[in-house]
Amino acid sequence: MATIDKHAPGSPCWFELSTNNQTAAKTFYSDLFGWTIADSPMGPDAVYTMFQIDGLDVGACCTLQPEQLTHGVPPNWAVYIAVDSADATAEKVTAAGGTVMAPPFDVMDFGRMAVLADRAGAVFCIWQAMTNIGVRVGGVMHTVGWIELSTTNEAGAASFYGDVFGWKVTNGKGAAAGPNDYGHIENSGAMIGGIPPATMRDPNTPPHWMIYVEVADAAAMTEKARSLGATVCMGPMDIGENGTISVLSDPQGAYFALHQSPPAV
């Protein structure tokens, strides 16, 4: 078990599902990945759900707020990026041409966060840890191992996130990613995610971030997800030396992906 005590600035640190049926979502993900459930009170008649493996947090789930539903926000998995200062990072987002959707605010004594959008409109969150660092386990099956940005402008995204987090987007071989490359996101020497070429995306889908959950058998897990009510959007698809992936939407419509590593040689 690879426990985590601290997330480096610029690295993904938390994954939060906002949904229109929290009870059903808890059942779906616990049945699919074996995640256990730990609920905490969150105001009147509401709870915040921690998804856990062996008692360690791997993500969370909450109910979409009325104002989100009013604005047509669909069920979604939000990606949080670790930062030293939420306030300073929000200022960087504005300076880089992004949007501050919810200014920095304290979440009790757990941490300080903000909701932001990049130049193309992809929404993400930042987390300045206090008593809660975020995800406590990684690098094992059924944890998020990769994040991916679907965007209409890969070069613009590389520039934006480079200004905000210091990320480098390469072709996976050290050189800057070109317009037809799958861009590999590097944070302080660690590969944390990717940006596919815009030609590979559905032009009717708004720019967005997506999580990849590590699994041992993508085909079997895809069929299991389907049997539990998920919709299979793509795959299982062989991506060569990088393994196998599937893209799905859960029964409430939140998108996520599965990743199976290639066999060890």
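Since the structure is predicted, the reported quantities are computational estimates derived from the model, not experimental observations. (Residues numbered from 1 in each chain as written. Predicted model: local features only at pLDDT ≥ 70, side-chain atom pairs only at ≥ 80, totals over all residues. Heavy atoms only, no water.)

**Student:** Could you give an account of the nonpolar core, naming the residues involved and the relevant values?
**Tutor:** Judged by nonpolar contacts, the single largest core of 67 residues is most densely connected at Phe33, Trp77, Tyr161, Trp209 and Phe256. At six residues, strand E5 (residues 76-82) tops the list of elements feeding residues into this core. With residues near it in sequence (within four places) discarded, phenylalanine 33 still touches His142, Val213, Val215, Met221, Phe256 and Leu258. Residues Met210, Tyr212, Ile245 and Ala257 belong to the second largest nonpolar core, which totals five residues. (Core = buried A, V, L, I, M, F, W, Y, C linked by side-chain atoms within 4.5 Å. Buried < 20%, exposed > 50% of the residue type's maximum accessible area, 1.4 Å probe, protein only. Helix = DSSP H or I, 4+ residues; strand = E, 2+ residues; numbered from the N terminus. Contact = heavy atoms within 4.5 Å.)

**Student:** With reference to specific residues and values, describe the environment of glycine 98.
**Tutor:** Tracing the sequence through the fold places glycine 98 in the loop between helix H3 (86-95) and strand E6 (99-107). For glycine 98, a relative accessible area of 14% translates into the label buried. As for glycine 98 and aspartate 118, which are separated by 20 residues in sequence, their C-alpha atoms are 4.5 Å apart. Ignoring sequence-local partners within four residues, the contact set of glycine 98 consists of Val93, Ala117, Asp118, Arg119 and Phe160.

**Student:** Go over the packing of aromatic side chains with me, naming the residues and quoting the values.
**Tutor:** What the rule picks out here adds up to 22 aromatic pairs. Between tryptophan 167 and tryptophan 209 the ring centres are 6.0 Å apart and the planes differ by 80 degrees, which places this aromatic pair in the edge-to-face class. One end of the pair, tryptophan 167, is in the loop between helix H4 (154-165) and strand E10 (168-170); the other, tryptophan 209, is in strand E13 (residues 208-214), and 42 residues separate them in sequence. The two residues tryptophan 167 and tryptophan 209 agree in class, both being buried. One aromatic cluster is present, built from ring pairs that chain together Phe28, Tyr29, Phe33, Trp35, Phe51, Trp77 and Phe256. (Phe/Tyr/Trp six-rings, centres within 6.5 Å; stacked < 30°, edge-to-face > 60°.)

**Student:** Tell me about the sheet that holds E5, and name the residues and values.
**Tutor:** Strand pairing in a sheet is mediated by backbone hydrogen bonds. Such pairs are either parallel or antiparallel. Taken in spatial order, the eight strands of this open sheet run E2-E3-E4-E1-E5-E8-E7-E6, and their pairing is mixed. In the strand order of this sheet, the two ends are held by strand E2 (36-41) and E6, each with one partner. Taking each pair of neighbouring strands and ignoring which way they run, the sheet shows an average axis angle of 25 degrees. When strand E1 (residues 12-19) meets strand E4 (residues 56-63), the two strands line up parallel, connected through four bridges. Looking across to E4, one finds that glutamate 16 is bridged to alanine 60. Lying over the sheet, helix H1 (residues 22-33) contacts E1, E2, strand E3 (47-53), E4 and E5, oriented at roughly 0 degrees with respect to E3. The strands touched by H3 within the sheet are E6, strand E7 (111-117) and strand E8 (123-129), with E6 carrying the most contacts at an inclination of about 180 degrees. (Pairing = 2+ DSSP bridges. Axes fitted to C-alpha atoms, helices over the stretch in contact; angles between N-to-C directions.)

**Student:** Tell me about the side chain of glutamine 52, residues and numbers included.
**Tutor:** Inspection of the secondary structure assignment puts glutamine 52 in strand E3. Residue classification places glutamine 52 among the buried residues on the basis of a relative accessible area of 15%. Setting aside residues no more than four positions away along its own chain, glutamine 52 makes contact with Gly34, Trp35, Thr36, Ala38, Asp57 and Val58.

**Student:** Residues and numbers for the environment of alanine 95, please.
**Tutor:** On the secondary structure map, alanine 95 appears in helix H3. When the C-alpha positions of alanine 95 and histidine 259 are compared, they lie 35 Å apart, and in sequence the two are 164 residues distant.

**Student:** Residues and numbers for the pairing of strand E16 (residues 255-260), please.
**Tutor:** Here E16 lies mainly inside the structure; five of its six residues are buried. Here E13 runs beside E16; their pairing, made up of three bridges, is parallel. Bridge pairing links glutamate 214 to histidine 259 in E16. Where strand E15 (residues 244-249) and E16 come together, six bridges link them in antiparallel fashion. Its bridge partner being in E16, leucine 248 is matched across the sheet by phenylalanine 256. Between E15 and E16, which follow one another and run antiparallel, lie five residues, and glycine 253 among them has a positive phi close to 110 degrees.

**Student:** Tell me about H3, residues and numbers included.
**Tutor:** Three or four residues apart is the spacing at which side chains of an α-helix point the same way, because the helix has 3.6 residues per turn. Within the sequence span of H3, burial applies to Ala86, Thr89, Ala90 and Val93. Buried residues in H3, looked at end-on, bunch into an arc of 105 degrees, giving them a common side. Exposed residues on H3 whose side chains face more than 90 degrees from its buried face are Glu91 and Ala95. Buried residues along H3 sit against E6, E7, E8 and H4. Once H3 finishes, glycine 97 follows within two positions and takes phi at roughly 100 degrees, a positive value. (Arc of directions from axis to C-beta.)

**Student:** Residue-level account of the packing of H3 against H4, with values.
**Tutor:** One way to put it is that H3 packs onto H4 with a least axis distance of 9 Å and a crossing angle of 150 degrees. Considering the angle they form, H3 stands roughly antiparallel to H4. The two elements H3 and H4 cross, and the hand of that crossing is right-handed. Here Thr89, Lys92 and Val93 of H3 lie close against H4, whose contacting residues are Phe160, Asp163, Val164 and Phe165. (Parallel < 35°, antiparallel > 145°, perpendicular 65-115°, else oblique. Left-handed = near helix turned anticlockwise from the far one by under 90°.)

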